[in-house]
Protein chains: 2
Amino acid sequence: MSDVARLAGVSIKTVSRVVNDEPGVHPATAERVLAAIDQLGFRRNLGARNLRRGSSTGTIGMVLEDVGNPFYSGITRAVEEVSRQHGRQVLTGSSDEDPNRERELALEFCARRVDGMLVVPAGMQHGYLVPEMRAGMPVVFLDRPAGDVVADTVLVDNIGGTVLAVRHLASHGHSRIAFLGDAPDIFTATERLRGFREGCVRAGIRYDEELVSMGPHDERSVADALRRVLGNRQPATAVVSGNNRITVHLLRVLAGRTDRPALVGFDDFELADLLNPPITVIAHDASAIGKAAAELLFSRLDGDGSPPRRVVLPVRLVPRGSGEVRP
Amino acid sequence: MSDVARLAGVSIKTVSRVVNDEPGVHPATAERVLAAIDQLGFRRNLGARNLRRGSSTGTIGMVLEDVGNPFYSGITRAVEEVSRQHGRQVLTGSSDEDPNRERELALEFCARRVDGMLVVPAGMQHGYLVPEMRAGMPVVFLDRPAGDVVADTVLVDNIGGTVLAVRHLASHGHSRIAFLGDAPDIFTATERLRGFREGCVRAGIRYDEELVSMGPHDERSVADALRRVLGNRQPATAVVSGNNRITVHLLRVLAGRTDRPALVGFDDFELADLLNPPITVIAHDASAIGKAAAELLFSRLDGDGSPPRRVVLPVRLVPRGSGEVRP
DNA sequence: GGCAGTCATGACAACGTTGTCCACTGCCGG
DNA sequence: CCGGCAGTGGACAACGTTGTCATGACTGCC
């Protein structure tokens with residue numbers, strides 16, 4: 001900046017005035033300054049600016065499980081969109097379900113003085129965020145609630161979703177329904193299992209633990225689980241899958257078989273409608289989650305001091321065929 | 001920091017020494033300082049630190065087309081991974097193919113003093129980056145080359161890919177092959193078209209402009225284009241699709257028809273193998289692109305001053321069925 | 001001509017941190 | 001008893017900006 005000032009023959013403060021569009025600079029002077037800026041390729045240092053002004057850094061942080069997963073990248077996209085409208089950039093990091101990594105990323109973002117943070121919790125302990133939150137940094141948790149702090153949270157109706165799935169399958173005559181879910185330390189997994197159980201009760205079906213297999217799941221473990229529930233003395237005639245990845249594994253395993261059980265998957269996914277049979281899913285909108293969470297975050301940044309909110313977004317069953325099979 | 005110093009009864013410099021693990025602090029003193037830090041929830045301001053040290057900001061910027069697109073989110077994930085190994089955070093932004101937005105994002109990242117930048121070009125003019133590059137900021141372009149600057153670039157073998165696709169279809173007896181590509185101002189689109197043409201020549205097939213439709217494409221325009229090439233006096237018996245989104249649109253359009261042409265799609269996508277018929281694709285690895293680009297960037301940051309490189313990653317044809325149909 | 005009132009500009013401090021350099025305390029050997 | 005040395009701690013400047021306030025040159029008016 002002082003280089004620019006020297007070249008334009010003005011003081012550094014005048015350059016500052018020009019780059020900040022402050023009034024009170026003679027047009028001819030401004031012209032000279034702009035020319036100098038252009039010639040030197042000067043770009044003001046936002047870090048220094050933020051330091052001096054004590055103002056926001058213009059960034060928000062986002063910790064999620066895996067940007068590579070279409071579900072989370074959909075969320076990311078929506079968050080980016082809302083952030084743009086509010087003039088903020090987004091720092092992202094993937095935790096890979098590792099609580100330490102989540103913590104590391106979140107604290108790193110704090111040190112960078114993000115204006116706010118969106119977190120898809122990997123672990124159950126979030127006490128480490130309390131000092132920041134007390135210092136005024138808003139945090140919104142997405143997809144899963146925080147372990148041990150009260151904070152804004154955006155969830156989908158996990159329980160309602162699996163209740164719907166079971167009801168749907170039961171209404172098509174299934175009474176032996178299996179559930180393949182994610183690892184039980186993941187909030188959404190246990191909620192969906194709970195909904196599954198509740199759905200069984202409401203539909204008057206016996207809840208059979210032998211038909212439940214909780215992850216972590218890869219293709220092989222899904223194959224094993226499927227073999228088990230289908231090879232049972234009283235085999236399952238339908239399966240509810242706990243998330244999009246498990247559904248995909250399941251589809252790949254089922255591709256080789258002829259005795260395909262009915263299937264309802266939690267989470268919608270691209271091309272589900274073009275498979276044979278098309279896959280019935282519990283759909284919810286990833287971008288809606290991102291949008292709701294980001295908007296909640298920005299309302300906090302705009303001074304909304306109301307008590308922490310818990311937003312639960314609705315899910316809907318999209319019947320496509322795979323769940324309408326009769327046993 | 002001065003609060004911490006006051007609470008611990010030391011000078012602010014001593015606190016600095018403690019947080020930086022500098023030698024020359026009495027263990028008992030360090031203990032007191034750490035306790036004070038913990039009690040106050042102090043987190044050092046990385047912005048100020050970087051300003052003072054004139055060191056790297058520990059961030060890299062990444063401008064891409066749309067994080068929500070699985071192809072780019074795969075790249076993002078790989079970039080994140082490599083960046084983590086090099087101790088950097090990643091700022092991302094989606095340009096939506098808008099050159100102005102790309103420029104805006106890139107300059108914003110520059111103002112934040114990112115250590116380096118990865119750019120999927122939306123436009124053809126990148127002169128605006130020259131000052132930064134001259135000032136030592138490495139930039140690597142991905143998926144498409146920069147318009148008017150010489151710089152590191154990571155591409156896939158677009159031409160080779162469509163040549164392969166045409167050869168494959170021709171070897172199954174097709175001689176009337178259509179090409180549905182993206183907008184011609186997108187580098188990959190014209191390259192793939194060029195490969196298509198070249199493939200026709202090599203296979204001894206007549207290249208017929210009436211069978212080519214360049215986008216931008218949505219589902220409706222794909223349907224129109226398909227109707228045109230199939231309704232031709234000499235209808236196409238096979239289609240090459242120019243990218244994953246066009247392929248998906250095409251699949252949705254084709255779902256209703258019985259006279260399905262053979263199909264080879266550029267870009268692999270999840271579940272392509274589970275469709276009926278399974279979709280033959282020109283596959284390349286999104287994460288390999290991200291990894292290669294990020295590693296190139298970090299090698300520049302580590303001082304590699306060799307001339308700009310152009311890395312072209314191989315593609316391969318994955319035969320699955322949709323391309324093996326006979327006319 | 002003098003005086004208030006504008007306008008354009010600049011000097012200086014401060015943001016939170018760290019590097020440099022100096023000062024103090026003991027303690028040792030001569 | 002003193003000089004020097006090792007081990008500590010602190011004062012101060014600087015990073016690149018911007019907010020505050022002061023300065024100086026003009027203008028218009030009595």
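The structure displayed is predicted, hence computed values, not measured ones.

Parameters and conventions
- Residues numbered from 1 in each chain as written.
- Chains lettered and ligands numbered in written order.
- Predicted model: local features only at pLDDT ≥ 70, side-chain atom pairs only at ≥ 80, totals over all residues.
- Heavy atoms only, no water.
- Contact = heavy atoms within 4.5 Å.
- Buried area = accessible area lost by both parts, 1.4 Å probe.
- Salt bridge = Lys/Arg side-chain N within 4 Å of Asp/Glu carboxyl O.
- Polar contact = N/O pair within 3.5 Å; in protein donor to acceptor, adjacent residues only side chain to side chain.
- Helix = DSSP H or I, 4+ residues; strand = E, 2+ residues; numbered from the N terminus.
- Nonpolar A, V, L, I, M, F, W, Y, C, P; charged D, E, K, R; others polar.
- Pairing = 2+ DSSP bridges.
- Near = heavy atom within 4 Å.
- Phe/Tyr/Trp six-rings, centres within 6.5 Å; stacked < 30°, edge-to-face > 60°.
- Lys NZ or Arg CZ within 6 Å of the ring centre and 35° of its normal.

A. Region of the structure containing the interface of chain A and chain B. On the chain B side, the residues contacting the 49 residues of chain A number 49 residues. Both faces considered, chain A and chain B share a buried interface measuring about 4,400 Å² in area, 52% of it formed by carbon and sulfur atoms. Summed over the three residues of chain A that lose the most area to chain B, namely R43, R77 and Q89 of chain A, the buried surface amounts to 16% of that side. There are eight salt bridges connecting chain A and chain B. Run the count over chain A and chain B and you get 21 residue pairs in polar contact (both at pLDDT 80 or more). Elements with a contribution of two residues or more to the side of chain A that touches chain B: α4 (46–53), α5 (70–85), β2 (89–94), α6 (99–111), α7 (130–134) and α11 (244–254) of chain A. Broken down by element, the residue count for the side of chain A that touches chain B peaks at eight residues, all from α6 of chain A. Here the side of chain A that touches chain B is built from residues that sort into 20 nonpolar, 13 polar and 16 charged. With three bridges connecting them, β2 of chain A and strand β2 (residues 89–94) of chain B associate as antiparallel partners. Each bridged residue has a counterpart across the sheet, and for T92 of chain A the counterpart in β2 of chain B is V90 of chain B.

B. Here's a closer look at the protein's contact with DNA strand D. Taken together, 25 residues lie around DNA strand D, and K13, S16 and R52 of chain A together with S11 and R52 of chain B are the ones closest in. Within the backbone of N45 of chain A, one N or O atom sits 2.8 Å away from a phosphate oxygen of DNA strand D. Between a base nitrogen of DNA strand D and a side-chain N or O atom of R17 of chain B, the distance comes to 3.0 Å. Those elements that provide at least two residues to the surface near DNA strand D are α2 (12–19) and α4 of chain A together with α2 (12–19) and α4 (46–53) of chain B. Here the residues of the surface near DNA strand D sort into seven nonpolar, eight polar and 10 charged.

C. Local environment of the packing of aromatic side chains. Residue and element names in this part refer to chain A. Considering all chains together, one arrives at six aromatic pairs over all chains under this definition. Taking the centre distance of 6.1 Å and the plane angle of 65° together, the rings of F196 and Y207 count as edge-to-face. In this pair, F196 is assigned in helix α9 (residues 187–203) and Y207 in the loop between α9 and β7 (212–214), connecting sequence segments 11 residues apart. Ring-pair connections join several aromatic residues into one group, and the members of that group are F179, F196 and Y207. In this structure, R192 is placed above the aromatic ring of F266, and the distance from its NZ or CZ to the ring centre is 3.8 Å.

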